[in-house]
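One letter stands for each residue in the lines below.
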Amino acid sequence: MRAPFDAGQSADLAALDAYSQTVIGAVEKTGPAVVSIAVEGARGRQGEGSGVLVTPDGYLLTNEHVVRRAQGLTV
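Basis of the calculations
Residues numbered from 1 in each chain as written. Predicted model: local features only at pLDDT ≥ 70, side-chain atom pairs only at ≥ 80, totals over all residues. Heavy atoms only, no water. Helix = DSSP H or I, 4+ residues; strand = E, 2+ residues; numbered from the N terminus. Buried < 20%, exposed > 50% of the residue type's maximum accessible area, 1.4 Å probe, protein only. pLDDT = per-residue confidence, 0-100. Salt bridge = Lys/Arg side-chain N within 4 Å of Asp/Glu carboxyl O. 1 Å grid on protein atoms, 1.4 Å probe; cavity = no way out; pocket = protein on both sides within 12 Å on 5 of 7 lines; lining within 4 Å. Points joined across faces, edges and corners; volume = space filled by probe spheres on them. Nonpolar A, V, L, I, M, F, W, Y, C, P; charged D, E, K, R; others polar. Contact = heavy atoms within 4.5 Å.

1. Here we look at the overall build of the chain
A count of helices and strands for the chain gives 2 helices and 4 strands. Listing each helix as α and each strand as β along the chain from the N terminus yields α-β-β-β-α-β. Looking at the chain residue by residue over its 75 residues, the buried ones come to 13%.

Shown next, in the form of structure tokens:
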């Protein structure tokens, strides 16, 4: 048996589709600016993180915990 048409469900699906398209657009636009960060601590390489380039001259945005105790970084 087929379920009756639900206008609320249709609106939910439209909103989900719009959200999905927004996320896809954001990933396509920012994807090329995402970088990997190798973190070196007092005893050599200790971890990795990621960041995103936010300006053409190389300003990088990352989380504080990625660089908290870093002795050196390789992007």
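2. Re the confidence of the model for the chain
Taken residue by residue, the chain gives an average pLDDT of 88. The fraction at 70 or more is 89%. Across the chain, the element-wise mean pLDDT spans from 88 in strand S2 (residues 44-53) up to 95 in strand S3 (residues 60-62).

3. Digging into the pattern of salt bridges
This model, assessed by the stated rule, comprises 1 salt bridge. In this structure, Glu64 engages Arg68 in a salt bridge whose closest nitrogen and oxygen atoms are separated by 3.0 Å. The partly exposed category is assigned to Glu64, whose relative accessible area is 49%. Among the residues examined, Arg68 registers a relative accessible area of 46% and is labelled partly exposed.

4. Topic: the layout of surface pockets
As a volume, the largest pocket reaches approximately 160 Å³. Forming the walls of the largest pocket are Val39, Gly41, Gln46, Gly47, Glu48, His65, Val66, Val67, Arg68, Arg69 and Ala70. Within the residue set of the lining of the largest pocket, elements represented by two or more residues are strand S1 (34-41), S2 and helix H2 (64-67). By residue class, the composition of the lining of the largest pocket is 4 nonpolar, 4 polar and 3 charged.

5. Points about the environment of Val54
Tracing the chain through its elements places Val54 in the loop between S2 and S3. The spatial distance from the C-alpha of Val54 to the C-alpha of Thr30 is 9.2 Å, given a sequence separation of 24 residues. Residues within four places of Val54 in sequence aside, it is in contact with Tyr59 and Leu61.

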